[in-house]
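# Examining the three-dimensional arrangement
Letter by letter, the chains look like this.
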Amino acid sequence: MIKREAVVIGAGPAGLSAAIEAAKRDADVLLIDESLKAGGQLFKQIHKFFGSSAHRSGIRGIDIGKELLEEAKKYGVEIWLNCVATGLFKEKKIAVEKSLDNQNKTAEIIKAEKIVIATGASENAIAFEGWTLPGVMGAGAAQTMANIHNVLPGEKILMIGSGNVGLIVSYQLLQAGAEVVGVLEAAPEIGGYGVHAAKIVRAGVPIHTSTTIVEARGDEKNGVKEAVVCDVDDCWQPIKGQEKIYEVDTITIAAGLKPLMELARMHGCRCDFIPQLGGWLPLHDKNMETTYPGIYVAGDSAGVEEANTALEEGRLAGVAIAESLGYIHSNKASSIKNEIWNRVDGLRLGPFGESRLEAKEKIIKTFQ
Amino acid sequence: MALLKNGYISLSELKNEKGYPSEERFNEGPVAVIECIQEIPCNPCVEACDFGAIEIEGPITDKPKIIEDKCIGCGKCIAKCPGLAIFVVDKTHSESFASVSFPYEFLPLPDKGMEVEAVNREGKVVCQGEVIRVINNKEFDRTPVVTIKIPEDKFDVVRGIKRRKEK
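## Brief notes about the overall build of chain A
What chain A contains, in helices and strands, is 9 helices and 19 strands. By the compact-globule yardstick of 21 Å for 368 residues, chain A fits well, its C-alpha radius of gyration being 21 Å. Counting the 368 residues in chain A, one finds 57% classified as buried. For chain A, restricting intrachain contacts to residue pairs at least 6 apart in sequence, the fraction spanning at least 24 positions comes to 59%. Carbon and sulfur atoms form 50% of the exposed surface of chain A, whose accessible area is close to 15,100 Å². When the 40 basic and 47 acidic side-chain charges of chain A are each reduced to a single mean position, those positions are 5 Å apart.

Okay, here's the thing in structure tokens:
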């Protein structure tokens, strides 16, 4: 069994910043990720980020990813890629499968003093007739194809869901050269930021609110050929007889995300269902520590938000770990954490942040 | 709100916003128009301006507004806005013509002198335009800014061009 001071699971924005903050204060940090490259979703984010100009806003996610990787290297974070945490056992033992993509897979158990779960989130699916046909995929999958692998997922695409993911991915699919025939939103209003909506509408993509998909038509061999869509009533039920048909080869689903919290649950960290943050998630205090001492959580796996909040939550966990390992005095740590909290609170203001702010405050209160 | 229902701001919605330039200011020459009407946590526009002409009064989620007397219409803010929501409008471009500058992150880029179809906020073609400038410098970080010449009366309607298809 290998022993480590701190192990961070997941090398997205939350995991990377947790690892950096702990390592820069001399903690010995191991960061593991299932992908072949660290950065999580950052390298798919080719758009400029919102946020405070004091903290890398206006910079593209891909460039933030590069900066974080350099910092991690600079502070000596050890990174294991191509490596998945398959289990989390008492007391803080991580089961890891290494070399995922070849025949010589090996398994290790790592005993860690501190663990950060920064596993991110998974896309929600929606079921409709024909939803298993080739060509129906998550918006995140389409984004990976276009922005990571330079493969256009389809020529004519219908996007389901108008949250920020649906709007941003639609824009990026246009940039990649696809035609996006429309964005459907079952709710009466657009879910994401108005500016993201406005830029795709200006580029010729209509957004249809109170509209949903009822069927994907095509065959297993050739994939999707048509999408049947329909207006919905006040109770979100399709209004029969108002179906419309789009000729498309791809249907992308952006119906929200849910935290990947299985590891936390496996270890017995207390979880709760918080709809504003995507569903079941491990509860955490102001240090991002779960109900199990020494296990921390940050980013989407602590409640679905966005990259900026993930970066800040990761920093909180990293500083808290350095503090509890004795690498930083608690007075110094609390002033750094206060600064981070001020920024996080700022990101959770306004109509888009309010419900998340409230939910997070409620979570933290359960610890007091 | 039209923005929430249709995905674009109506002109009347926009005119109700604080900081939408006055008629007098439009008549004086180029000025930035910020079409960001929701409280979202974002502020890089403030720092983008060398003249202190963009203001966010309270917390980061407050809406930005143009201080029209300070704005010289240089357009530096256009490429800095992550929401691509800032435009520069010059109603005084020439007799009977106005110009509009906007971010354009699609390939192929239009060339100077090219005849283009100008679109409104809804993405509908409203008139023809002529490309008079394309800036794609390092500072803009891969957000090219295109300026087109359009009939003067379309200055508060035109906000982009129809995307060009690769031949």
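## Points about the state of the cysteines
Residues and elements named next belong to chain B. By the definition in use, this model includes 0 disulfides over all chains. Cysteine Cys42 remains unbridged, with the sulfur of Cys81 as its closest cysteine sulfur at 6.4 Å. Overall, the relative accessible area of 12% leaves Cys42 in the buried class. In this structure Cys74 is a free cysteine whose sulfur lies 6.1 Å from that of Cys49, the closest cysteine sulfur available.

## With respect to the sheet that holds strand S6 (residues 115-120) of chain B
Within a sheet, adjacent strands bond to each other through the backbone by hydrogen bonds, running parallel or antiparallel. Residues and elements named next belong to chain B. Reading across from one edge, S1-S4-S5-S8-S7-S6-S9 is the order of the 7 strands in this open sheet, with antiparallel pairing throughout. Since the sheet does not close on itself, it has two edges, and those belong to strand S1 (31-34) and strand S9 (158-161), each with one partner. Between one strand axis and the next, the sheet turns by 40 degrees as a mean value, whatever way the strands run. Relative to strand S7 (residues 125-135), S6 is paired through 5 bridges, and the arrangement is antiparallel.

## Comments concerning the pattern of salt bridges
Under the defined criterion, the tally for this structure stands at 31 salt bridges over all chains. Here Arg142(B) and Asp63(A) are joined by a salt bridge, their closest N and O atoms 2.5 Å apart. Linking Arg142(B) in the loop between S7 and strand S8 (145-151) with Asp63(A) in helix H2 (residues 61-74), this pair reaches from one chain into another. Note on Asp63(A): relative accessible area 16%, which makes it buried.

## Description of the layout of surface pockets
Put simply, the second largest pocket is a space of about 800 Å³. Around the second largest pocket, the lining comprises 26 residues; the ones closest to its centre are Gln175(A), Ala176(A), Glu105(B), Phe106(B) and Leu107(B). Contributing elements (two or more residues each) for the lining of the second largest pocket: helix H3 (139-147) and helix H4 (164-176) of chain A. For the lining of the second largest pocket, the leading source of residues is H4(A), giving 4 residues.

## As for the nonpolar core
In terms of nonpolar packing, the biggest core is built from 74 residues, with Leu173(A), Ile207(A), Phe102(B), Ile148(B) and Ile150(B) touching the most fellow members. Broken down by element, this core gets its largest block of residues, 5 residues, from H4(A). Not counting residues within four places of it along the chain, the set of residues in contact with Ile150(B) comprises Ser96(B), Phe97(B), Ala98(B), Val100(B), Ala118(B), Cys127(B), Gln128(B), Gly129(B), Phe155(B) and Val158(B). Listed in part, the 63 residues of the second largest apolar core include Val8(A), Ala317(A), Ile336(A) and Val344(A).

## What to know about the sheet that holds strand S12 (residues 211-219) of chain A
All names here are of chain A. On the basis of which strands lie adjacent, the open sheet formed by 3 strands has the order S12-S13-S14 and antiparallel pairing. Lying at the two open borders of the sheet, with one neighbouring strand each, are S12 and strand S14 (244-247). Direction aside, neighbouring strands of the sheet carry axes that sit 25 degrees apart on average. Inspection of the sheet shows strand S13 (residues 223-231) paired to S14 by 4 bridges, in the antiparallel sense. When the sheet's bridge partners are listed, Glu226 is paired in S14 with Glu247.

## Concerning helix H1 (residues 13-23) of chain A
Counting buried residues in H1(A) gives 11 out of 11 residues, a clear majority hidden from the surface. All of the buried residues in H1(A) are Pro13(A), Ala14(A), Gly15(A), Leu16(A), Ser17(A), Ala18(A), Ala19(A), Ile20(A), Glu21(A), Ala22(A) and Ala23(A).

## Notes on the interface of chain B and chain A
Contacts between the two partners involve 38 residues from chain B, matched on the other side by 37 residues from chain A. Summed over both partners, the interface of chain B with chain A comes to about 3,200 Å²; 53% of that surface belongs to carbon and sulfur atoms. Across the chain B-chain A interface, the total number found is 3 salt bridges. With its nearest N and O atoms 3.2 Å apart, the salt bridge here joins Arg60(A) to Glu105(B). Where chain B packs against chain A, one counts 20 residue pairs in polar contact (both at pLDDT 80 or more). A per-element tally of the side of chain B that touches chain A places helix H1 (residues 2-6) of chain B first, with 4 residues. A breakdown of the residues in the side of chain B that touches chain A according to their chemical character gives 18 nonpolar, 9 polar and 11 charged.

Conventions we followed
- Residues numbered from 1 in each chain as written.
- Chains lettered and ligands numbered in written order.
- Predicted model: local features only at pLDDT ≥ 70, side-chain atom pairs only at ≥ 80, totals over all residues.
- Heavy atoms only, no water.
- Helix = DSSP H or I, 4+ residues; strand = E, 2+ residues; numbered from the N terminus.
- Rg over C-alpha atoms; globule rule 2.2 N^0.38 Å.
- Buried < 20%, exposed > 50% of the residue type's maximum accessible area, 1.4 Å probe, protein only.
- Contact = heavy atoms within 4.5 Å.
- Areas by Shrake-Rupley, 256 points an atom, 1.4 Å probe, with all protein chains shown as cover.
- Lys, Arg positive; Asp, Glu negative; His and termini not counted.
- Charge placed at Lys NZ, Arg CZ, Asp CG, Glu CD.
- Disulfide = S-S within 2.5 Å.
- Pairing = 2+ DSSP bridges.
- Axes fitted to C-alpha atoms, helices over the stretch in contact; angles between N-to-C directions.
- Salt bridge = Lys/Arg side-chain N within 4 Å of Asp/Glu carboxyl O.
- 1 Å grid on protein atoms, 1.4 Å probe; cavity = no way out; pocket = protein on both sides within 12 Å on 5 of 7 lines; lining within 4 Å.
- Points joined across faces, edges and corners; volume = space filled by probe spheres on them.
- Core = buried A, V, L, I, M, F, W, Y, C linked by side-chain atoms within 4.5 Å.
- Buried area = accessible area lost by both parts, 1.4 Å probe.
- Polar contact = N/O pair within 3.5 Å; in protein donor to acceptor, adjacent residues only side chain to side chain.
- Nonpolar A, V, L, I, M, F, W, Y, C, P; charged D, E, K, R; others polar.

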